[in-house]
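Coordinates in review
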Amino acid sequence: MPLLNENLPVSTMLFSNSVGLLQQLIQTPSFSGEEAAAADLVQHYFAGYGIKTKRKGNNVWCYNKYYDPIKPTILLNSHLDTVKPNEGYEKDPFCAEIGGGRLFGLGSNDAGGCLVSLIAAFLNFYSYQGLPFNICLAATAEEENSGLDGIRSILPFLGHIEFAIVGEPTLLQMAIAERGNLVLDCVANGSAGHAAREEGDNAIYKCLKDIEWFKSYRFDGQLKGTSPVKMTVTEIRAGIQHNIVPGKCAFTVDVRNDDGFSHQQILEIIRANTTATITVRPDALPASSVSPDHPVVKTGVALGCKTYSSPTSSDQAWLSVPSVKLGPGDSARSHTADEYIFLEEIKKGISLYIKLLDALPLMLINNPTKYRNEIKYINN
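What you are looking at is a predicted structure, and each value in this text was computed from that prediction instead of being measured. (Residues numbered from 1 in each chain as written. Predicted model: local features only at pLDDT ≥ 70, side-chain atom pairs only at ≥ 80, totals over all residues. Heavy atoms only, no water.)

Let's talk about the sheet that holds strand β18 (residues 340–342)
- Read across the sheet, three strands follow the order β4-β5-β18 without closing on themselves; strand pairing throughout is antiparallel. The two strands at the open ends of the sheet, each matched to only one other strand, are β4 (98–99) and β18.
- The sheet contact formed by β4 and strand β5 (residues 102–104) spans two bridges and is antiparallel. Bridging across to β5, I98 finds its partner in L103.
- Seen against the sheet, helix α7 (residues 343–366) touches β4, β5 and β18 and runs at an angle of roughly 60° to β18. (Pairing = 2+ DSSP bridges. Helix = DSSP H or I, 4+ residues; strand = E, 2+ residues; numbered from the N terminus. Contact = heavy atoms within 4.5 Å. Axes fitted to C-alpha atoms, helices over the stretch in contact; angles between N-to-C directions.)

Here is the structure:
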């Protein structure tokens with residue numbers, strides 16, 4: 001791939017190269033923890049533009065050419081990994097086939113389209129000397145399984161990050177809040193006995209009250225329609241054969257919450273109202289949010305983005321800095337059979353990311369009182 005000129009334009013070539021990169025990524029299996037080949041691809045792609053990258057494990061990151069440690073840094077992040085294809089696929093999940101304006105393949109929508117669009121936006125600004133901020137692009141691993149070797153493993157090496165844009169399929173709307181995720185393994189304990197006799201204490205019956213509570217309980221705020229916590233029983237396991245009363249019944253609860261309730265508060269309420277033994281799975285994802293008044297959010301709104309609270313989780317949960325989730329594609333297509341993304345969505349994604357970063361200084365300049373702390377970097 002030839003080197004581009006110093007002032008890389010938003011061009012047909014940039015879009016075409018982005019689609020080509022996504023096709024290569026789709027053709028390269030990259031399940032969580034197995035992203036090495038995909039990380040190699042991204043490094044090779046950047047090398048084609050003469051850009052040096054850093055790498056730790058299967059995570060790759062780089063900075064704009066004229067990085068200035070005095071200026072704040074904006075992180076552009078999306079993930080390399082995918083889930084495994086489900087049994088409903090009729091197409092080859094690694095085919096990267098284009099048809100009807102769509103690019104098909106595993107990871108095309110979640111989140112390959114976002115990743116290549118963010119990379120394109122990074123390339124657009126890579127050689128700009130007058131940026132009021134730095135840009136760090138990070139293509140990271142193990143998002144789908146919240147693994148320890150994903151973005152969490154490189155955050156200490158990125159330097160101070162002022163703000164982050166996390167690429168996930170949001171129909172190019174701006175998620176300014178994201179729900180946390182808590183997974184509970186619950187066990188109702190009874191005692192085994194013969195099903196034909198009045199023996200034993202049936203653990204299935206004992207767990208029914210708890211399951212009904214999880215189904216019907218409403219946290220403060222839900223009566224107003226805000227649904228701060230959603231609890232769903234997703235698995236149940238009990239019994240070894242038809243004529244034995246089960247002594248144990250295990251079930252799993254998926255909990256989603258906004259930042260109105262901490263995980264500790266949720267657990268206290270659950271344990272006060274249920275009788276099962278509860279074990280919390282490790283690496284629970286905290287909820288996150290950013291002020292609607294943040295300059296990046298205000299810039300997105302000025303460009304026509306709608307804001308909303310996302311019900312799904314992402315690597316945004318691990319970031320301790322303000323962030324938004326934004327990207328081409330539709331979350332409803334994620335993890336579905338014959339996954340796809342529209343080519344036009346990728347084109348619009350590249351355009352929106354570029355417009356957002358390009359218009360941000362104007363938002364700061366036009367609001368000098370509100371954003372006086374941020375505006376000091378513009379003329380540095």
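Still more to cover.
Digging into the sheet that holds strand β11 (residues 229–238)
- Pairing is antiparallel across the open sheet formed by four strands, whose spatial order is β11-β13-β9-β14. The open sheet has two free edges, formed respectively by β11 and β14 (277–280), since each of these has just one partner strand. Within this sheet the neighbouring strands show an average axis-to-axis angle of 25°, counted without direction.
- Sheet topology places strand β9 (residues 180–189) next to β14; four bridges connect them, and they run antiparallel. From the neighbouring strand, L184 faces β14, where its bridge partner is V280.
- Running at roughly 10° to strand β13 (residues 248–257), helix α4 (residues 203–216) makes contact with β9, β11 and β13 of the sheet.
- Sitting on the sheet, helix α5 (residues 263–273) touches β9, β11, β13 and β14, and the angle it makes with β9 is about 25°.

Observations regarding the pairing of strand β6 (residues 134–140)
- The buried count for β6 comes to seven of seven residues, which makes it a mostly enclosed element.
- With burial as the criterion, each face of β6 is covered, one bearing N134, C136, A138 and T140 and the other bearing I135, L137 and A139.
- Where strand β2 (residues 59–63) and β6 come together, four bridges link them in antiparallel fashion. Across the sheet, V60 pairs through a bridge with A139, a residue of β6.
- The pairing of strand β3 (residues 73–79) with β6 spans seven bridges and is classified as parallel. When the bridges of β6 are listed, S78 appears paired with A139. (Buried < 20%, exposed > 50% of the residue type's maximum accessible area, 1.4 Å probe, protein only.)

Observations concerning the pattern of salt bridges
- In total, this model carries ten salt bridges according to the counting rule given.
- In this structure, R256 engages D254 in a salt bridge whose closest nitrogen and oxygen atoms are separated by 2.8 Å.
- According to the relative accessible area criterion, D254 is buried, its value standing at 17%.
- Here R333 and E345 are joined by a salt bridge, their closest N and O atoms 2.9 Å apart. Highlighted residues: R333 in the loop between β17 (323–325) and β18 and E345 in helix α7, separated in sequence by twelve residues. Grouping residues by exposure puts R333 and E345 together as buried. (Salt bridge = Lys/Arg side-chain N within 4 Å of Asp/Glu carboxyl O.)

Some details on the nonpolar core
- With 60 residues, the main nonpolar core has L25, F46, L76, I119, F122, L123 and I165 as its most contacted residues.
- Among the elements that line this core, the one with the most residues is helix α3 (residues 108–125), at eleven residues.
- Beyond its immediate stretch of four places on either side in the chain, L76 contacts L118, F122, I135, C136, L137, A138, I165 and L357.
- If you look at the next biggest cluster of nonpolar residues, it comprises 22 residues, including C186, C207, M231 and I278. (Core = buried A, V, L, I, M, F, W, Y, C linked by side-chain atoms within 4.5 Å.)

Concerning the side chain of D338
- With respect to the helices and strands, D338 occurs in the loop between β17 and β18.
- For the buried D338, no salt bridge exists, and the shortest N-O distance to an oppositely charged side chain is 6.3 Å, to K91.
- Engagement of the side chain of D338 in a polar contact is seen with the backbone nitrogen of E90, the distance being 3.1 Å.
- Beyond its immediate chain neighbours, meaning those up to four positions away, D338 contacts Y89, E90, K91 and F104. (Lys, Arg positive; Asp, Glu negative; His and termini not counted. Polar contact = N/O pair within 3.5 Å; in protein donor to acceptor, adjacent residues only side chain to side chain.)

Considerations on the environment of Q241
- With respect to the helices and strands, Q241 occurs in the loop between β11 and β12 (244–245).
- Using a relative accessible area of 46% as the deciding quantity, one classes Q241 as partly exposed.
- A C-alpha to C-alpha distance of 10.0 Å links Q241 and A195, two positions 46 residues apart in sequence.
- A polar contact is formed between the side chain of Q241 and the side chain of N243, at a distance of 2.6 Å.

Describing the packing of helix α1 (residues 12–26) against α3
- Two elements in contact, α1 and α3, have axes separated by 9 Å at closest approach and are oriented at 140°. The angle between α1 and α3 falls in the class oblique. Here α1 runs over α3; the crossing is right-handed. Here α1 contributes L14, S18, L21, L22, L25 and I26 to the contact with α3, which in turn contributes S108, G112, G113, L115, V116, I119, A120 and L123.
- The residue makeup of the contact of α1 with α3, split by class, is ten nonpolar, four polar and no charged. (Parallel < 35°, antiparallel > 145°, perpendicular 65-115°, else oblique. Left-handed = near helix turned anticlockwise from the far one by under 90°. Nonpolar A, V, L, I, M, F, W, Y, C, P; charged D, E, K, R; others polar.)

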